Structure formats: structure tokens, C-alpha cells
Amino acid sequence: GAGVSQSPSNKVTEKGKDVELRCDPISGHTALYWYRQSLGQGLEFLIYFQGNSAPDKSGLPSDRFSAERTGGSVSTLTIQRTQQEDSAVYLCASSFRVEQFFGPGTRLTVL
Amino acid sequence: SQQGEEDPQALSIQEGENATMNCSYKTSINNLQWYRQNSGRGLVHLILIRSNEREKHSGRLRVTLDTSKKSSSLLITASRAADTASYFCATDPNDYKLSFGAGTTVTVRA
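As the structure is a prediction and not an experimental result, all values here were calculated from the model.

**Let's talk about the environment of A:V89**
Residue and element names in this part refer to chain A. Mapped onto the fold, V89 is located in strand β8 (residues 88–95). Along the chain, V89 and L43 lie 46 residues apart, while their C-alpha atoms are 9.3 Å from each other. V89 has contacts with Y35, R36, Q37, G105, T106 and R107, leaving out every residue within four places of it along the chain.

**Brief notes about the pairing of strand β6 (residues 65–69) of chain A**
All names here are of chain A. Of the two faces of β6, the one lined by F65, A67 and R69 is fully buried and the one lined by S66 and E68 carries no buried residue. With 5 bridges joining them, β6 and strand β7 (residues 75–79) adopt antiparallel strand pairing. Paired with A67 across the two strands is L77, which belongs to β7. Counting the residues in the hairpin turn of β6 and β7 gives 5 residues, including G71, whose phi is positive at 60 degrees.

**Digging into the sheet that holds strand β6 (residues 55–58) of chain B**
Residues and elements named next belong to chain B. Pairing is antiparallel in the open sheet, where 5 strands are placed in the order β1-β3-β8-β7-β6. Because the sheet does not close on itself, it has two edges, and the strands there are β1 (5–7) and β6. Strand-to-strand twist of the sheet, defined as the mean angle between neighbouring strand axes without regard to direction, takes the value 20 degrees. When strand β3 (residues 19–24) meets strand β8 (residues 71–76), the two strands line up antiparallel, connected through 6 bridges. Paired with C23 across the two strands is S72, which belongs to β8.

**Details of the side chain of A:Q100**
By the element assignment, A:Q100 lies in the loop between β8 and β9 (101–102). Separated by 2.8 Å, the side chains of A:Q100 and A:Y35 make a polar contact. When neighbours within four sequence positions are excluded, A:Q100 is seen to be in contact with A:Y33, A:Y35, A:A93, A:S94, A:S95, B:Q33, B:Y35, B:H45, B:Y96 and B:L98.

**With respect to the state of the cysteines**
Following the criterion strictly, the structure yields 2 disulfides over all chains and no others. Across the disulfide, A:C23 is cross-linked to A:C92 (sulfur-sulfur distance 1.8 Å). Disulfide A:C23 to A:C92: torsion about the S-S bond roughly -65 degrees, handedness left-handed. Here the residue A:C23 occupies a position in strand β3 (residues 19–24), and A:C92 occupies one in strand β8, the gap between them amounting to 69 residues. A:C92 matches A:C23 in its accessibility class, with the two residues each being buried. In this model B:C23 forms its disulfide with B:C89; the gap between the sulfur atoms is 2.0 Å. Here the S-S torsion is close to 65 degrees, and the disulfide linking B:C23 with B:C89 is therefore right-handed. Separated by 66 residues along the polypeptide, B:C23 in strand β3 and B:C89 in strand β9 (residues 85–91) bring together distant segments of the chain. Of the two residues examined, B:C23 and B:C89, each falls in the buried class.

The rules we used
- Residues numbered from 1 in each chain as written.
- Chains lettered and ligands numbered in written order.
- Predicted model: local features only at pLDDT ≥ 70, side-chain atom pairs only at ≥ 80, totals over all residues.
- Heavy atoms only, no water.
- Helix = DSSP H or I, 4+ residues; strand = E, 2+ residues; numbered from the N terminus.
- Contact = heavy atoms within 4.5 Å.
- Buried < 20%, exposed > 50% of the residue type's maximum accessible area, 1.4 Å probe, protein only.
- Pairing = 2+ DSSP bridges.
- Axes fitted to C-alpha atoms, helices over the stretch in contact; angles between N-to-C directions.
- Polar contact = N/O pair within 3.5 Å; in protein donor to acceptor, adjacent residues only side chain to side chain.
- Disulfide = S-S within 2.5 Å.

So, in C-alpha cells, the structure goes:
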């Protein structure tokens with residue numbers, strides 16, 4: 001596709017449920033990033049994948065958060081046992097060099 | 001943690017006026033980037049300035065970087081209604097992990 005796509009665009013879930021968020025990066029981009037943006041705030045780095053290297057997971061806020069990238073392309077961010085404070089927009093970005101290209105985000109609401 | 005901090009938090013200007021916003025950061029950087037976010041187009045890269053550059057232009061955008069003061073400014077000249085958005089600076093102290101500020105919200109009044 002022409003840009004980074006994310007699905008779903010909106011997700012409403014109940015506290016305690018698990019959710020999976022998907023990101024399709026731009027074809028050929030070796031790097032993939034996940035960020036979280038809370039209302040009125042900047043972006044908080046979560047995790048970074050680069051090629052076949054071990055991911056940088058230093059931004060994941062707790063062990064309820066995990067992410068994988070299959071075949072160097074599509075990535076899934078999983079949040080287990082969701083809490084209300086997990087409510088935010090989750091943004092995915094990909095890059096070939098320095099400039100990052102962002103997807104439209106998934107708005108997660110935990111009730 | 002957020003490394004960049006934008007100032008002001010919000011800015012309201014008349015169409016045709018210039019808008020200036022500033023970004024301060026804490027640690028040394030390789031480069032500094034500015035991004036724009038609006039509801040229609042999501043987060044879009046505007047301009048990148050490297051640590052050895054002092055000024056860069058792109059269309060109606062002018063970015064300056066002062067590494068001695070750990071600060072950058074973004075100037076938008078001859079603003080348009082379409083410039084209404086939030087603007088974020090992002091730094092990369094370790095070459096890939098961007099650290100974003102909380103942003104400056106710019107409103108351009110017709």
C-alpha cells in the first residue's frame with residue numbers, strides 16, 4: 001500500500017480483556033516502531049524493530065504489553081488484561097532511513 | 001520520558017501571520033525533527049535538521065537549531081487555515097528512538 005496502515009481504527013474493550021493491534025508498514029521499510037499517545041500528550045515510545053535484530057522493548061510500560069513482527073513486515077501489539085490507563089491512541093510507524101512514516105493509529109478505549 | 005518540550009503550548013494567529021514555536025531538549029542529539037498532527041492527516045514529518053546544521057528551510061517552514069542551548073525553533077510564514085494542527089519536535093539521542101514533546105497547538109483564524 002501507499003502508507004502505513006493500522007487496524008482496527010477504534011477498539012473498545014472491557015477491563016481485563018486482551019487486545020491485539022495490527023500494523024502494516026510501508027513495503028521495504030526495515031524499521032518499525034510502536035508509540036502510545038494519551039489525550040493531549042506527545043508520543044511515548046514503546047518498542048522498535050529493525051530487520052532481524054532483537055527488538056528494543058525498553059519503552060513497554062509493563063509485562064502486559066508485548067509485540068512481535070512476523071517475516072520482517074506486519075507487527076502485532078498485544079495488551080493483556082487491559083486496564084483503564086491503557087486507553088490511548090496507539091501509533092505505528094515505519095522507516096527506511098531517519099524519517100518515520102506514521103499510520104493513522106488505533107484508538108483504544110478500556111471501559 | 002519526554003526529552004523535548006515545546007513552547008508555547010498553544011498559539012492562535014490570524015491567517016497570513018507568522019507562527020513561531022520553540023523546542024528545548026536535554027541530551028545531545030544526532031538530529032531534530034518536526035512533525036505535524038491534525039485530525040485529517042495524522043502525524044506527518046515536516047523537516048529534519050542535523051546536529052551540525054544551524055538553519056534549514058522547506059517552503060514556508062524555517063527551522064533553526066542551537067545545540068549549545070539545546071533548543072530549536074519552527075517558524076511558519078504566511079500561515080493558512082490548513083496549518084491549524086499540533087506541532088511536535090522529536091529528538092533521537094540514540095539514532096532511532098524518537099522522543100517527542102507534548103506539542104504546540106496552532107490555530108489559524110480566517
